[in-house]
Amino acid sequence: MSSIDDVGTDSVEEAAPYIGLLDIFVLSACFGLGVYWFFFKGKKKEEPIDIKNYNIAAPMTKAVDSSFIQKMKTTHKNIIIFYGSQTGTAEEFAGRLAKDAQRLGMKALIQDPEECEMEDLTSIKEIENSFAIFCMATYGEGDPTDNSQEFYDWLQDGTADLDGLKFAVFGLGNKTYEHYNEMGKFVDKKLEELGGERLFDLGLGDDDGNMEDDFVTWKEQFWPSVCEHFGVEATGDESSIRQYAVVVREDIPEEKIYTGEPARLNSLKKQKGPFDTKNPFVSRVQTNRELHHGGERSCMHIEFDITDSKIRYESGDHVAVYPINNANLVNGIAKILDQNLDVVFSLNNVDEEASKKHPFPCPCTYRTALSFYLDITNCPRTNVLKDISEYCSDPKDKEFLLKISSATPEGKKEYSDWVVKSHRNILAILEDIPSCKPPLDHLCELLPRLQARYYSISSSPKLHPNSIHITAVLVEYKTLTNRTNLGVATSWLKDKIPNGPENAPKVPVYVRKSQFRLPFKHTVPVIMIGPGTGLAPFRGFIQERSALRKDGKDVGETVLFFGCRKASEDFIYQDELKEYVNNGTLTDMFVAFSRDQEKKRYVQDLLKEEADTVWKLIEKGAHIYVCGDARNMAPDVLKTIRGIITEKGELTSSAAEDYLKKMQSKGRYSCDVWS
Ligand code: NAP
C-alpha cells in the first residue's frame with residue numbers, strides 16, 4: 001500500500017475520468033460531505049460480549065445484577081474493572097487486569113457498564129480502598145462503544161459528584177483514525193473533572209502499532225504504583241491462574257449441546273426475531289459472483305436473502321456476518337494436541353459469584369468451540385504465550401515463550417518479529433514449538449472469542465427490501481514463514497455458492513445501524529469518495545437516489561469519485577455505474593486508475609482537478625462522504641478537501657480548518673473507514 005508520499009500533488013496528467021466521456025450529460029455539480037481488598041485468592045471475571053445497537057432507541061434493560069456496589073460488598077472485592085468493548089479486546093484486557101490483581105493477592109470484579117447502574121460510582125467511596133479501572137475502546141469516528149454509550153451520556157451530562165472515586169483508565173484506539181482514543185481520553189478527563197482521583201496516568205493502546213506492547217508497558221508501571229498506593233506487597237506469584245474448570249460431559253442429551261449459537265441454545269435452528277448481535281438471522285445466499293475481471297485478487301458480490309426476517313436496514317448500515325473457522329486450522333490444532341474434537345465439554349467459572357459462568361456457550365464439542373467460538377487466526381497475545389509456556393517439555397522452548405511474553409525490550413521485540421510480523425497464529429506457534437502441548441481446554445480458556453465481521457451494506461432497501469448486498473475482497477496472503485493465511489470470513493464466504501433456492505448456503509447475519517446516512521433532504525448535493533471496496537455504501541446511496549428519482553422526487557447532485565488499480569480488472573460495478581451516469585442518477589462520476597499509467601493516480605488527484613466543481617457543491621451545502629482505507633486514503637482525502645476549501649474559499653488555513661470542523665459537526669463530512 002502506498003504512503004502519503006505516493007500521492008502526487010501535481011496530478012494533472014491523464015485526467016479525465018469517466019465522465020470526461022460523457023460530457024453530453026450536463027451539469028456537473030457541486031458538492032457539498034476500573035483493596036481493601038487485597039487479601040487472598042479468589043477468582044473472578046465476567047462476561048458478555050459487546051455490541052448492542054446504539055441507534056435503537058429502546059431503553060436498556062438493567063436487571064437483577066445492577067448494583068455493582070452491593071456485589072463488591074458481598075464478594076469482598078474492592079477493585080472494579082469496567083470495559084467499553086466493541087470487538088472484545090477491551091473486555092479481554094479487563095480480564096487480564098483482574099487476573100493480575102489476583103496474582104497480587106487482590107480481588108477484582110469485572111463489569112459491563114451497560115449491565116449496571118453507573119450512577120453507583122457516586123457511592124463507591126462506601127467501600128474501603130475502592131478502586132475503579134476503566135478499559136475503554138474508541139469506536140468508529142471517536143465514538144463510545146455500544147456498551148458504553150449510556151455511561152458516556154451520563155458523564156457528558158456532568159452533574160455527578162465523584163468525590164472519593166479512585167480511578168485509572170486504559171484506552172484502546174487506532175492512530176489511523178482521526179479521533180484517536182477519544183473515549184479513553186474523555187473518560188479519564190471527565191472522571192477527574194467530576195471529582196475523581198486519578199491513581200495512574202491514562203494508558204493509550206494503538207491497534208495500528210502494537211496494542212499488546214502498549215498494554216503490557218502500561219501495566220508494568222501501573223501495578224507497582226497501585227500496590228504502593230494501597231500498601232500492598234506484591235507476592236510475585238507468576239503462575240498461571242485457571243479461571244475455568246473443565247468438565248467432560250459424556251451423558252448430555254444432544255439437544256442440550258451448543259452447536260455454534262452465539263448465545264441462546266438452538267437459536268440458529270429455531271429462529272425467532274428480533275435479530276441482533278446475540279441472535280443473528282440465518283440468511284440464504286442468493287448470489288455470489290466475482291466482480292473482478294482477471295488480476296490476482298478476487299472481489300465478491302454477495303446477496304443475503306432476508307425475506308420474512310422483518311429485518312429493516314438503510315443504505316449506509318453495516319451487516320455482521322458470523323463466520324466459521326477453517327476446518328484445516330481446527331483439525332490441525334486437534335492433531336497437534338492429540339485431542340478428539342468430538343468430546344463434549346464445559347468450561348465452568350471457578351468463581352461462583354462471577355456473572356459470566358462460561359467463556360462461550362457450553363456444553364459443546366471441542367470442534368464447535370474451535371470452529372465457532374474461538375479466534376484461532378489472529379496472533380495470540382503475550383498472556384496466552386506465557387500461560388502455555390508451562391506445558392513445554394523442553395526447557396529451551398519454555399524459556400523462549402517466557403522471553404517473548406515478557407515486558408523486557410528484547411522480549412517485546414522478539415514478540416513483534418516472531419509472532420506479529422510473521423503472522424503466526426496459535427497453530428503456527430504450536431507447530432514451531434513442538435514440545436509445547438497445552439491441554440486443549442486450557443487453550444480454549446485463553447483464546448479470545450471469534451468476532452462477527454462487519455461489512456458496509458452495498459444495497460438500498462428501496463430497491464432490495466428483501467436482500468442485503470455486500471462487496472468483499474478475498475483476504476489471503478503468504479506469511480514470512482511461507483504459510484498461507486486466510487481471512488476468516490471472506491475465505492468462508494468464498495465457498496458459499498448458491499445452487500438453486502433449495503440448496504442455498506446459509507449465513508447468519510444481523511444489521512447494525514450506522515450514522516453514515518444520505519442527507520435527510522433529497523435535494524442536498526452529495527459527493528461520494530470511495531476507492532476500491534470503499535464504493536460499497538455508495539452503491540446503496542446511488543440506488544436510493546435512483547429510486548427517489550423514479551418516484552418523481554427532486555434529487556440533488558450526486559457525484560462519485562472512485563479509484564481502482566486497472567480499468568480492465570477491478571473497476572467493480574462498472575456497468576451499473578455507467579448506466580447511472582447515462583440515466584442521470586449520477587450527475588458526475590470521476591474514476592482514477594492507479595496502475596494504468598506510470599504515475600499513480602488517486603481519487604484525491606481527481607478532487608484537485610475538479611476543485612471548482614467540488615467547491616461549488618460545498619458552497620451549495622453538499623454532504624461529503626468518504627469510505628475505504630483509513631490509513632492513507634482517508635487522511636489524504638481530508639487534506640485535499642481542506643486544501644480546496646482554503647484555496648477556493650480564499651480562507652486562511654485556520655479559517656479553512658474551522659470551516660471543515662463545522663462541516664464535520666453538522667454531519668456534512670462523514671467517514672466509513674477501516675484499517
Ligand atoms: P484497493 O483495491 O487496495 O485500493 C483501491 C484503490 O485505491 C487502488 O487504486 C489503490 O491504488 C488506491 N490507493 C492506494 N493508496 C491510496 C491513497 N493513499 N489514497 C487514495 N487511493 C489510494 O482497495 P480495497 O481492496 O478495497 O482495500 C482498501 C484498503 O482497505 C486496503 O488497505 C485493505 O487492506 C483495507 N480493507 C479492510 C477491510 C476490513 O474489513 N478491515 C476490508 C476491505 C479492505 P494502488 O494500490 O495502486 O496504490
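Computed from a predicted structure; not experimentally measured. (Residues numbered from 1 in each chain as written. Predicted model: local features only at pLDDT ≥ 70, side-chain atom pairs only at ≥ 80, totals over all residues. Heavy atoms only, no water.)

1. Re the sheet that holds strand E13 (residues 364–365)
This is how it is decided: When DSSP finds two or more bridges between two strands, those strands count as paired. Put simply, DSSP H or I for four residues or longer makes a helix, DSSP E for two residues or longer makes a strand, and each gets a number counted from the N terminus.
Here three strands make up an open sheet; going across it, the order is E8-E12-E13 and the pairing antiparallel. If you trace the sheet from one side to the other, it starts and ends with strand E8 (244–248) and E13, each paired once. Bridge analysis of strand E12 (residues 344–349) against E13 gives two bridges, and the strand direction is antiparallel. If you follow Val344 over to E13, its bridge partner there is Thr365.

2. Here we look at the sheet that holds strand E11 (residues 318–321)
For the record, the criterion: Lines are fitted to the C-alpha atoms to define the axes, a helix being fitted only along its stretch in contact, and any angle between axes, read from their N-to-C directions, falls within 0 to 180 degrees.
Here six strands make up an open sheet; going across it, the order is E14-E11-E18-E9-E10-E15 and the pairing antiparallel. At either margin of the open sheet sits one strand with a lone partner, and together these are strand E14 (453–456) and strand E15 (467–473). Going from strand to strand, the sheet's axes swing by 40° on average, the running direction of each strand aside. When strand E10 (residues 299–305) meets E15, the two strands line up antiparallel, connected through seven bridges. Its bridge partner lying in E15, His301 is registered against Thr471.

3. Brief notes about the packing of helix H6 (residues 327–336) against helix H7 (residues 366–373)
In plain terms, the rule: In what follows, roughly perpendicular refers to angles from 65 to 115 degrees, roughly parallel to angles under 35, roughly antiparallel to angles over 145, and oblique to any angle outside these ranges. Crossings are assigned a handedness: left-handed for a near helix turned anticlockwise from the far helix by less than a right angle, right-handed for a clockwise turn. We call two residues contacting when some pair of their heavy atoms lies within 4.5 Å.
In contact at an axis separation of 10 Å, H6 and H7 are set at 135° when each is read in the N-to-C sense. By the criterion of interaxial angle, the relationship of H6 to H7 is oblique. Between H6 and H7 lies a crossing whose hand is right-handed. In this structure, H6 uses Val330, Asn331 and Ile333 to contact H7, whose residues at the interface are Arg367, Leu370 and Ser371.

4. Topic: the environment of Pro461
Position of Pro461 relative to the elements: it lies in the loop between E14 and E15. Separated by 86 residues in the primary sequence, Pro461 and Ala547 place their C-alpha atoms 9.9 Å from one another. In this structure, Pro461 is in contact with Tyr313, Glu314, Ser315 and Glu544, ignoring residues within four places of it in sequence.

5. Some words on helix H5 (residues 211–230)
The condition is simple: Helix span is expected to be 1.5 Å times the residue number reduced by one. The quantity called bend is, for any residue, the angle between two axes fitted respectively to the seven residues ending at it and the seven beginning at it.
Between its first and last C-alpha, H5 extends 28 Å over 20 residues, near the 28 Å set by a 1.5 Å rise per residue. Maximal helix bending in H5 amounts to about 25°, located at Lys219. Positive backbone phi, at 70°, marks Gly231, one or two positions downstream of H5.

6. A look at the environment of Ser355
Turning to its location among the elements, Ser355 is positioned in the loop between E12 and E13. In the structure, Ser355 is positioned 245 residues away from Ile110 in sequence and 8.9 Å away in space, judged by C-alpha atoms.

7. Examining the pairing of strand E18 (residues 506–512)
The condition is simple: Only protein chains enter the accessibility calculation, which uses a 1.4 Å probe. A residue is then buried if its area is under 20% of the maximum for its type, exposed if over 50%, and partly exposed in between.
Counting buried residues along E18, six of its seven residues qualify, which places the element largely inside the surrounding structure. Sheet topology places strand E9 (residues 281–290) next to E18; four bridges connect them, and they run antiparallel. Each residue of the ladder has a partner; that of Phe281, found in E18, is Val509. Here four bridges tie E11 to E18, and the two strands are oriented antiparallel to one another. The residue bridging His318 from the neighbouring strand is Arg512, located in E18.

8. Notes on the packing of helix H3 (residues 149–157) against helix H4 (residues 182–193)
Filter applied, for reference: Gly falls in the polar group here, along with every residue not listed as nonpolar (Ala, Val, Leu, Ile, Met, Phe, Trp, Tyr, Cys, Pro) or charged (Asp, Glu, Lys, Arg).
The N-to-C vectors of H3 and H4 enclose an angle of 40°; their axes lie 10 Å apart at closest approach. For the element pair H3 / H4, the angle class is oblique. The handedness of the crossing between H3 and H4 is left-handed. Between H3 and H4, the contacting residues are Phe151, Tyr152, Leu155 and Gln156 on the first element and Met183, Phe186, Val187, Lys190 and Leu191 on the second. In terms of residue class, the contact of H3 with H4 is made up of seven nonpolar, one polar and one charged.

9. Details of the pattern of salt bridges
Note the threshold: Definition used for salt bridges: Asp or Glu carboxyl oxygen within 4 Å of a side-chain nitrogen of Lys or Arg.
Applying the stated criterion across every chain, the model contains 37 salt bridges. Measuring nitrogen to oxygen at the nearest pair gives 2.8 Å for the salt bridge that ties Glu212 to Arg96. Note that Glu212 is positioned in helix H5 and Arg96 in helix H2 (residues 89–103), a separation of 116 residues in sequence. This pair shows no difference in class: Glu212 is buried, exactly as Arg96 is. Its salt-bridge partner being Arg512, residue Asp146 comes within 2.8 Å of it at the nearest N-O pair. With a gap of 366 residues between them, Asp146 in the loop between strand E4 (143–144) and H3 and Arg512 in strand E18 connect regions that are remote in the sequence.

10. Here we look at the nonpolar core
Across soluble globular proteins, you tend to see nonpolar side chains buried next to one another. So the rule is basically this: Among the buried residues, those of types Ala, Val, Leu, Ile, Met, Phe, Trp, Tyr and Cys that are joined through side-chain atoms within 4.5 Å form a nonpolar core.
With 39 residues, the main nonpolar core has Ile333, Phe360, Leu374, Ile376, Leu443 and Cys444 as its most contacted residues. At the level of elements, H6, E12, H7, helix H8 (382–388), helix H9 (395–404), helix H10 (409–421), helix H11 (426–432) and helix H12 (440–446) are the ones that each hand at least two residues to this core. Residues within four places of Leu443 in sequence aside, it is in contact with Ile333, Leu337, Ile388, Ile426, Leu430 and Pro438.

11. Let's talk about the pairing of E10
A large share of E10 lies buried, amounting to seven of its seven residues. Relative to E10, E9 runs antiparallel, the two sharing six bridges. The residue of E10 that forms the bridge with Arg284 is Asp305.

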